[in-house]
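# Examining the three-dimensional arrangement
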Amino acid sequence: MLGRKRKAMEAAAEQGNSLGRDAWRRLRANKAAMVSLGLLILISIAVVVGPWLSPYNYFSQDYNAIWQAPNLANGHFFGTDRVGRDLFVRSMTGGRISLMVGIVTTLVSLIIGVSYGAIAGFVGGRTDSIMMRAVDILYSLPFMFFVILLVVFFGRNLFLLFAAIGAVSWLDMARIVRGQTLTIKHQPYIEAARMSGAGMGHILARHVVPNLLGIVVVYVTLTIPQVILFESFLSYLGLGVQPPATSWGALINDGTGEMGIAPWLLIIPSIFLAVTLFCFNFIGDGLRDALDPKDR
């Protein structure tokens, strides 16, 4: 009797090992992903609390410390620029903008792409063809030119920048979600939901979208670095974040003009940008392996 109960408890424990726990176990085994996750958490904490640890603020200018190299003694941890502004505070504040652009813009593209792709794949037929041809037309437009046009047309407001990049970065998400939805909608539990009288909205929200979370999460972690890099490129061209605000891309743009005099102005924000991009990519690769059903 006790042996039967133990077997039943072991079977229940095995069933209780959910997809999320199994994915987390696989992710923890990926050293590159876990190190990247730790670094990304440290960078996120640094950009939030870092400026408070400096004796200088974002707008302070010390004309007696122009182009000063990194020095711990006087509090200029990363040095200063041509007007004596502290690069540590500016790098941390710029990191807030870069990460916020990446996360918010990715959320915009996530909402649009998942909704659009799920509806197109689930409805199918002529509606699917029309919706995906519209995506193909948008794909044919030069991505960079389209975003620059939106930024110039609607202005250089930070929130409009989120909308401009998000408005064109949802296309890949829509295609991926649509392809997965075409497979999911023929599963038995979808047919059972239809037979029970559930509407399309209910089926999409309760059955289709939850089963897309794995691939969506992986794609989000790969989209965030793409968006951060794209925003940095726009800021490098002078079309992104506008003064007095800054970002890592804007700081890199400023540093290129003074590379011969003060190389730290270019090197330090470039390191932060590169490390952040690598972290997101390694985490995305780790999640892809952890959530891959073929490896289970």
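For the structure, check the block above.
Figured I'd write up the structure that's included with this text. (Residues numbered from 1 in each chain as written. Predicted model: local features only at pLDDT ≥ 70, side-chain atom pairs only at ≥ 80, totals over all residues. Heavy atoms only, no water.)

Another point: the pattern of salt bridges. This model, assessed by the stated rule, comprises 6 salt bridges. Residues Asp81 and Arg85 are paired through a salt bridge, measuring 2.7 Å at the closest nitrogen-oxygen approach. A relative accessible area of 19% places Arg85 in the buried class. What emerges from the salt-bridge pattern is a single network uniting Arg133, Asp136 and Arg175. (Salt bridge = Lys/Arg side-chain N within 4 Å of Asp/Glu carboxyl O. Buried < 20%, exposed > 50% of the residue type's maximum accessible area, 1.4 Å probe, protein only.)

This part covers helix H10 (residues 200-208). Count 3.6 residues to each turn of an α-helix, and residues three or four apart come out pointing the same way. Where H10 is concerned, the buried positions are Ile203, Leu204 and Val208. For H10, the arc enclosing every buried residue in end-on projection is 100°, short of the 170-degree limit, so these residues lie on one face. Of the exposed residues in H10, the ones pointing more than 90 degrees away from its buried face are Ala205 and Arg206. The secondary structure elements touched by the buried residues of H10 are helix H4 (87-123), helix H8 (171-184) and helix H9 (188-195). (Helix = DSSP H or I, 4+ residues; strand = E, 2+ residues; numbered from the N terminus. Arc of directions from axis to C-beta. Contact = heavy atoms within 4.5 Å.)

Turning to the packing of H4 against H10, a few remarks are in order. H10 packs onto H4 with a crossing angle of 115° between their chain directions and a minimal axis gap of 11 Å. Looking at the two axes, H4 sits roughly perpendicular to H10. Between H4 and H10 lies a crossing of right-handed hand. Across from Ala118, Ile119, Phe122 and Val123 in H4, the residues of H10 making contact are Met200, Ile203, Leu204 and Val208. The class makeup of the residues in the contact of H4 with H10 is 8 nonpolar, no polar and no charged. (Axes fitted to C-alpha atoms, helices over the stretch in contact; angles between N-to-C directions. Parallel < 35°, antiparallel > 145°, perpendicular 65-115°, else oblique. Left-handed = near helix turned anticlockwise from the far one by under 90°. Nonpolar A, V, L, I, M, F, W, Y, C, P; charged D, E, K, R; others polar.)

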